[in-house]
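Read off the chains here:
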Amino acid sequence: MNRKRLLLLNGSPRKAKTSYVFARTIKHLAEKKGHKAEIIHIIEYFDEEKHFDALKDIILPQDILGLITPLYVDTLPYPVIWFLEKLSCDLAGELKGKEFFAVAQCGFPDADLLHPLLESCRYFAKAVEMRWLGGLGYGGGALIDGTPLEKLGRKGKKIISAFTSALDDIVEGKNISPSAQGLLTAKIPKILYRPLAAFLNYRKKREAYLQGVSDADLTRKTYLENYKL
Amino acid sequence: MSLVILDAFDTENLIEKALKNLLQKRGETFFYFKLKEMKILACRSCGACEIKSPGKCVFHDDMPEIMRAIAPGSLILMLTPVRFGGYSSQLKKVLDKLMILVLPLYTVEDGHLLHPPRYGKKSLLVIGLTGQNLPGEEENFRLLAARNALNMQFTHKTLLFTPTDPMVKIEQEIDRVLCEVKPG
C-alpha cells in the first residue's frame, strides 16, 4: 500500500467545534488505513501564535492537503482567505503538484449553500497548481456543535461513511466520487421552512429572555440611536 | 441616495479613481473606507452580537465607524480584487462582521429561509477586478454577490472589470449601474 501524508487545515476560528470534529474524524480514518495525518488550526497562524514561516517545513513532506472549514457569510471565513492568499504568495512552489480537497459545513441544512466556497477552494488549487480532488459539503453543522460523530447515532454514522468513501478516493489520488456527497446531503422540504422559522424564533427569543434580553433589545437598531438626518 | 464605499484594494486603483470621479460629477456625497488602513478584528463566531450585545460586536475595533455610515445609508459599494473566484481577505474581514445588519431571527421570503434586516432594505453594488481570470471565476464571484444580497435581503448588481479596461469604460459602467440600483 502506498502510504500517504495528509495535512488537514481546520478553517474554523473555534478550534474545537464542528470543523475540528470533521477533521479529527478524517484524521482517524486515514490513520486506520495506515496513512499519516495531522491537523493544524489556521487561526493559530492568523493570530501569530505560530509562525507562518514554519509552515514550509510542515507542508513539504505532505502528499495531500485538506481544508475543513465552516461557511461564513456565503463563503470562506476571513482568516481562511488570508491564509490561502498568503500560501499562494509565499509557498506556491512548495504546494505545486500536491493534492488538495475541501470539506465545508454550514449551519443551515442545505449543502447547496456551500457551492461558492468549494469553488473558491478549486480556484485556489488551480492558482497554486495543486491537483483538485473535489469538495464535500455538509448542511447542518451548527446542530453538531462540536459533538463527536461517534456520539451522533445514525447521523454520525452516515457522515463517517461519507468521509470513509471520500478518503478511499483521496488517498488514491482520485476525484471524490459523488456518492460521498450523496451520503451527506439531507434537504429540508421548503414547506417546512415556515414552521422551522417559527420554532427557531421561539427558541432564540426564549434564550434571549432567559438572559434578560427583551424582544425590543434583540431587534435594537444600535447604530441608528442618536442618529439625526 | 447615501453611499458607503468599502474599498478592499491595497493601493490606489482605477476603479476607486473612476468611482470618485463619477460621484463628484454627480454631486453625490459618500463615506469612503480604505479597508487596509482599518483595524477590523476577525469574526470569532462567538455569537455575542446576537443576544448578549444585540447588533454590536463585543470586540473593539473600527467596525462601529463603518456601521454608523451603513446603518442609515441606502447603498453599499464593495470594491475588491477577485481572489479565487471570490472576495479578497480585506473585504471579507468586514463582510464577516456585517451579519449585525440582520436580526438573529428567521423569516421566509420567496421560498428562502432568511434573517430579517435590522436596518431595512438596502442596495449592494459589488465591483470586482479580475486577476488570473480562470474559467468560471466570474460566475462564482457573481453567485457569491447574489447570495450575499439575498441573505441580507438587499437588491444588488455586480460589475467585473479587467486591469486593462480604460477608466472611461469603468466610469460609464458604474454610472449606468448606479442609475439602476435602488434600495429594495
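What counts, and at which threshold
Residues numbered from 1 in each chain as written. Chains lettered and ligands numbered in written order. Predicted model: local features only at pLDDT ≥ 70, side-chain atom pairs only at ≥ 80, totals over all residues. pLDDT = per-residue confidence, 0-100. Helix = DSSP H or I, 4+ residues; strand = E, 2+ residues; numbered from the N terminus. Buried ≥ 20, exposed ≤ 12 C-beta atoms within 10 Å, placed from the backbone. Contact = placed C-beta atoms within 7 Å. Expected span 1.5 Å × (residues − 1). Arc of directions from axis to C-beta. Nonpolar A, V, L, I, M, F, W, Y, C, P; charged D, E, K, R; others polar.

Colleague: Even after reading the chapter, I still don't get the confidence of the model for chain B, so can you show me in this structure?
Modeller: Any region with low pLDDT has predicted coordinates that should not be read closely. Residues and elements named next belong to chain B. Confidence along chain B averages 93 in pLDDT terms, with 98% of residues attaining 70 or more. Across chain B, the element-wise mean pLDDT spans from 91 in strand 5 (residues 112-114) up to 98 in helix 3 (residues 89-95). Among the prediction metrics, the complex's ipTM stands at 0.95, with pTM recorded as 0.95.

Colleague: Sorry, what's going on with unusual backbone geometry here?
Modeller: Residues other than glycine predominantly adopt negative phi, and peptide bonds predominantly adopt the trans conformation. Of note, the phi angle at glutamate 129 of chain A is positive, near 60°, even though the residue is not glycine. Secondary-structure assignment places glutamate 129 of chain A in the loop between helix 6 (115-127) and strand 5 (131-139).

Colleague: Where do I start with the environment of proline 54 of chain B in this structure?
Modeller: Tracing the chain through its elements places proline 54 of chain B in the loop between strand 2 (30-34) and helix 2 (63-70). When the 22 C-beta atoms within 10 Å are taken as the criterion, proline 54 of chain B is described as buried. Note: C-alpha distance between proline 54 of chain B and leucine 103 of chain B (49 residues apart in sequence) is 8.4 Å. Among residues more than four places away in sequence, those in contact with proline 54 of chain B are Val213, Asp217, Leu218 and Arg220 of chain A.

Colleague: Can you walk me through helix 8 (residues 153-171) of chain A in this structure?
Modeller: Counting along an α-helix, one turn takes 3.6 residues, and residues three or four places apart therefore face a common direction. Residues and elements named next belong to chain A. Helix length check: helix 8, at 19 residues, gives a terminal C-alpha distance of 27 Å against a target of 27 Å (1.5 Å per residue), a fit within 8%. Burial in helix 8 covers these residues: Ile159, Ala162, Phe163, Ala166, Leu167, Ile170 and Val171. Seen from one end, helix 8 has its buried residues packed into an arc of 150°, which puts them on one side. Of the exposed residues in helix 8, the ones pointing more than 90 degrees away from its buried face are Gly153 and Arg154.

Colleague: I would appreciate a short explanation of the interface of chain B and chain A in the present structure.
Modeller: The partner chain A presents 43 residues to the 42 residues of chain B that form the contact. For the side of chain B that touches chain A, the secondary structure elements donating two or more residues are helix 2, helix 3, strand 4 (107-109) and helix 4 (137-152) of chain B. Per-element accounting of the side of chain B that touches chain A gives the leading share, seven residues, to helix 4 of chain B. Here the side of chain B that touches chain A is built from residues that sort into 20 nonpolar, eleven polar and eleven charged.

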